[in-house]
Amino acid sequence: MKFEDLLLEIGGFGRFQILILFILCLPRINLPMHFLLHNFLAATPSHHCAIPQQEAFVNLTMEEVLLISIPREPDGTFRSCEMFSQPQFHLLLNSSLQPENNSIIQHCQHGWVYDHSQFTSTIATQWDLVCEQRGLNQATATFFFIGVTMGAVVFGYLSDRFGRKAMLLLSLVCSVVFGMLSAASVSYSMLAITRTLTGVALSGVSLIVLPLGMEWVDVQHRTFSGILTSIFWSIGNMLLAMVAYLVREWHWLLVAVTGPCLLSIVCLWWVPESARWLIANGKVKQAHRHLLRCARMNGRKDFAFSPELLPSFHLPQALRRMATDKKPGRSYSYISLFRTPVLRKISLCSGAVWFGVAFSYYGMSMNLTGFGLNMYLSQFVFGVIEIPAKMIMYVLVNRVGRRQSQAWALILTGLCIGANVIIPKPFTSLRSVVAVMGKGFSEAAFTTVFLYTSELYPTVLRQNGMGYTSFVARLGGALAPLVFLLDEVWKALPEVTYCGVAVCCGSVAFLLPETLNVRLPEGIEDVE
């Protein structure tokens, strides 16, 4: 008897599974509040060079002081990173006569003055991460995603070795500790280190929550459960907009988005360990206890069996070999993903798709001010559009298939990003509509890739496969914020880069096999 058959006997989608999924959705809400926090944590308000007080300025208004001290851009705004070496008093008579001699223009010498009308403080204003230091500001997101990348490898292995629930609890506790340390940072270096470690911890939450829920759900409800869980990511997106709107000081913003992890830690008490993992690791009595609890909650009170029967009757063939046949040649690692031809092709192609999905998703999500909307409204709308995108994908992946849905969602994401390169800036409404459509396609691609990848890999390598693809995705997420720095080369270069990568990686998805209505592979031989 297969484990799926056992689930049908005890109730594959009853009150027990619904309780588990909703509890696991609590940390899921918290993830985007950290993953997209950079938009508000490191926001750069309008600023200009600080001008030292001089006696000659006594009778001048602030506007006049700025006029004679700071050069203007062609559109009339004051430059953010430059000032005149000497006050240009003649500009008081005719401000349109901007000096053409660049030798009298220098970089800011006395720090910066920031507009605090929108943000009380951000890390950019705290440590002057503007102008020449702008790269360090963008790097805080990269440091976080480097941590997430490392965490994907670490927790992918640890959750297979020590269990899903124990590692989820560890990652939540570490998230609280490092999140609060980030809020208490007294230097940029401390913030960079603690945000990296927060990324490592939250990666465990990201990687474990979905499989832990899925391993208690029957085959018929697996897609529905995956979509339901991912909807709470979108809710987290919307909540981030509201929290950031209410909390404008970066220290307290970090506290506000980290605090909910404490609730998740408390609620995790009611979530059992994965029975699949317990059986695979020979912990039959614990699995027996959880399965009986599941049967009781689902109203199957007549269900009873002996735990001694589990190893011989209720294990899939591949899991039975892992549980009882501990031979040296039976261990699996990330290298196993590339040993055989078909798995190698799947791993290379799925890695490329995950990179493109994450790269374009975070590229769009971290460009809230580039589409003509208020940044809080952009964050909220980007969260709202994700929900219908998930619903539509729920229908499409079961009608059109996983491969076509994955490929076209990612290609259309790239085309929407590319379209906004061409649409003139004054057409803000049109640019906003195209951006929201692109965000919807981007989320559709992300929703599909989680489901698709879990079906591509065999049971014995599924967690390793998810860990590897998550690692590649986090590389894409780490590089995405740095691409914004390319605007110094050409203003549209970041968008062109996001567009090109999304279209190319979307095309690679056509090389993957279709998994619609195909039974999940158990061993490597099933894939080959």
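Cut-off values and rules
Residues numbered from 1 in each chain as written. Predicted model: local features only at pLDDT ≥ 70, side-chain atom pairs only at ≥ 80, totals over all residues. Heavy atoms only, no water. Helix = DSSP H or I, 4+ residues; strand = E, 2+ residues; numbered from the N terminus. Rg over C-alpha atoms; globule rule 2.2 N^0.38 Å. Buried < 20%, exposed > 50% of the residue type's maximum accessible area, 1.4 Å probe, protein only. Contact = heavy atoms within 4.5 Å. Areas by Shrake-Rupley, 256 points an atom, 1.4 Å probe, with all protein chains shown as cover. Lys, Arg positive; Asp, Glu negative; His and termini not counted. Charge placed at Lys NZ, Arg CZ, Asp CG, Glu CD. Disulfide = S-S within 2.5 Å. Salt bridge = Lys/Arg side-chain N within 4 Å of Asp/Glu carboxyl O. Polar contact = N/O pair within 3.5 Å; in protein donor to acceptor, adjacent residues only side chain to side chain. UniProt positions renumbered as here; feature names shortened; annotations may be inferred. Core = buried A, V, L, I, M, F, W, Y, C linked by side-chain atoms within 4.5 Å. Domains from an automatic or database assignment. Axes fitted to C-alpha atoms, helices over the stretch in contact; angles between N-to-C directions. Parallel < 35°, antiparallel > 145°, perpendicular 65-115°, else oblique. Nonpolar A, V, L, I, M, F, W, Y, C, P; charged D, E, K, R; others polar. Phe/Tyr/Trp six-rings, centres within 6.5 Å; stacked < 30°, edge-to-face > 60°. Lys NZ or Arg CZ within 6 Å of the ring centre and 35° of its normal. Expected span 1.5 Å × (residues − 1). Bend = angle between axes of the 7 residues up to and from the residue.

Colleague: Would you mind showing me how to read the overall build of the protein here?
Modeller: Helix and strand counts for the protein stand at 22 helices and four strands. Computed over C-alpha atoms, the radius of gyration of the protein comes to 26 Å, within 12% of the 24 Å expected from 2.2 N^0.38 for 528 residues, which places it in the range of a compact globule. Taken along its principal axes, the extent of the C-alpha atoms in the protein is 95 × 45 × 40 Å. When each of the 528 residues of the protein is scored for burial, the buried share is 56%. Counting only contacts in the protein whose residues sit at least 6 apart along the sequence, the fraction spanning at least 24 positions is 79%. For the protein, the exposed surface amounts to about 22400 Å²; the carbon and sulfur share of it is 65%. Taken as two groups, the 39 positive and 32 negative side-chain charges of the protein have centres that lie 13 Å from each other.

Colleague: Sorry if this is basic, but what is going on with the state of the cysteines here?
Modeller: By definition, a disulfide is the covalent link that joins the sulfur atoms of two cysteine residues. One pass over the structure, following the stated rule, counts two disulfides. One disulfide in the model links C49 with C108; its S-S distance is 1.8 Å. On the S-S bond that ties C49 to C108, the torsion sits near -65°, and the link is left-handed. Linking C49 in strand 1 (residues 47-49) with C108 in the loop between strand 3 (105-107) and strand 4 (112-114), this pair joins segments that are 59 residues apart in sequence. Since its relative accessible area comes to 0%, C49 is described here as buried. C108 gets classed as buried once you look at its relative accessible area, which sits at 14%. Paired through a disulfide, C81 and C131 show a sulfur-sulfur distance of 1.9 Å.

Colleague: What is the right way to look at the side chain of R195 in this model?
Modeller: In this fold, R195 is placed in helix 8 (residues 188-214). Although R195 is buried, it forms no salt bridge, and the closest oppositely charged side chain is E249 at an N-O distance of 14 Å. Polar side-chain contacts of R195 include one of 3.1 Å to the side chain of H34. If we ignore the near neighbours within four places in the chain, the residues touching R195 are H34, L37, L41, F144, S182 and L254.

Colleague: Explain the UniProt feature "transmembrane region" (unreviewed entry) in the protein here, please?
Modeller: Per the UniProt annotation, the sites labelled "transmembrane region" (unreviewed entry) are residues 139-159, 166-186, 192-212, 224-246, 252-271, 346-364, 376-396 and 408-427. End C-alpha to end C-alpha, residues 224-246 measures 34 Å, and it is 100% helix and 0% strand. Taken end to end, residues 408-427 comprises 75% helix and 0% strand; its first and last C-alpha atoms sit 26 Å apart.

Colleague: Where do I start with the nonpolar core in this structure?
Modeller: When a protein is soluble and globular, its nonpolar side chains tend to lie buried together. Counting residues in each nonpolar core, the largest one holds 125 residues, and the members touching the most others are F35, L168, Y362 and F446. The greatest single-element share of this core, amounting to twelve residues, is contributed by helix 8. Here this core gathers at least three residues from each of two domains, domain 2 (276-325) and domain 3 (335-527). Residues C49, C108, W112 and C131 belong to the second largest nonpolar core, which totals seven residues.

Colleague: Quick question: what am I supposed to make of the packing of helix 20 (residues 462-483) against helix 21 (residues 493-508) here?
Modeller: Any two packed helices are characterised by how steeply their axes cross, that is the angle between the axes, and by the distance between the axes. Helix 21 packs onto helix 20 with a crossing angle of 155° between their chain directions and a minimal axis gap of 10 Å. In terms of orientation, helix 20 and helix 21 fall into the roughly antiparallel class. Taken together, the residues of helix 21 that come into contact with helix 20 (itself represented by A480, P481 and V483) are P494, T497 and Y498. Looking at side-chain class alone, the contact of helix 20 with helix 21 contains five nonpolar, one polar and no charged residues.

Colleague: Where do I start with the packing of aromatic side chains in this structure?
Modeller: Aromatic ring pairs are defined here through the distance separating the ring centres and the angle between the ring planes. As enumerated under the stated definition, the model contains 26 aromatic pairs in all. Judged by centre distance (5.0 Å) and plane angle (80°), the rings of W354 and F450 are edge-to-face. Within this pair, whereas W354 is found in helix 16 (residues 341-365), its partner F450 is found in helix 19 (residues 428-456), the two being separated by 96 residues in sequence. With relative accessibility at 16%, the residue F450 sits in the buried group. R28 extends its terminal NZ or CZ atom over the ring of F450, reaching a point 5.7 Å from the ring centre. Sitting above the plane of the Y245 ring, R248 keeps its charged end 4.7 Å from the centroid.

Colleague: What exactly am I supposed to notice about helix 2 (residues 15-35) here?
Modeller: Because each turn of an α-helix spans 3.6 residues, side chains separated by three or four positions end up pointing in the same direction. Its 21 residues give helix 2 an end-to-end C-alpha distance of 31 Å, which sits within 8% of 30 Å, the value for a rise of 1.5 Å per residue. Along helix 2, the sharpest change in direction is near 25° and occurs at L26; proline P27 comes one to four residues later. Along helix 2, 16 of the 21 residues are buried, which leaves the element largely enclosed by surrounding structure.

Colleague: Looking at this structure, I do not really get the environment of K439. What am I missing?
Modeller: With respect to the helices and strands, K439 occurs in helix 19. Given a relative accessible area of 1%, K439 falls into the buried group. With 50 residues separating them in the primary sequence, K439 and A389 have C-alpha atoms 9.0 Å apart. With near-sequence residues (within four places) excluded, K439 lies in contact with N237, Y361, M364, S365, F382, I385 and E386.

Colleague: Please explain unusual backbone geometry as it appears in this structure.
Modeller: It is generally the case that most residues other than glycine have a negative phi and that most peptide bonds are trans. At D128, a residue that is not glycine, the phi angle is positive and equals roughly 50°. When you line up the elements, D128 lands in the loop between helix 5 (123-126) and helix 6 (134-162). Even without being glycine, C131 reaches a positive phi, approximately 55°. Position of C131 among the secondary structure elements: in the loop between helix 5 and helix 6. Residue class for C131 comes out buried when judged on its relative accessible area of 16%.

Colleague: For this particular structure, what's the right way to read the pattern of salt bridges?
Modeller: Close approach of charged atoms allows side chains of opposite charge to pair. If you walk through the whole model with that rule in mind, you get seven salt bridges. Notably, a salt bridge pairs E386 with K439, separated by 2.4 Å at the nearest N-O pair. Taken together, the positions of E386 in helix 17 (residues 375-399) and K439 in helix 19 put the pair 53 residues apart, joining distant regions of the chain. Residues joined by salt bridges that share partners form a network here, namely R134, D487 and E488.

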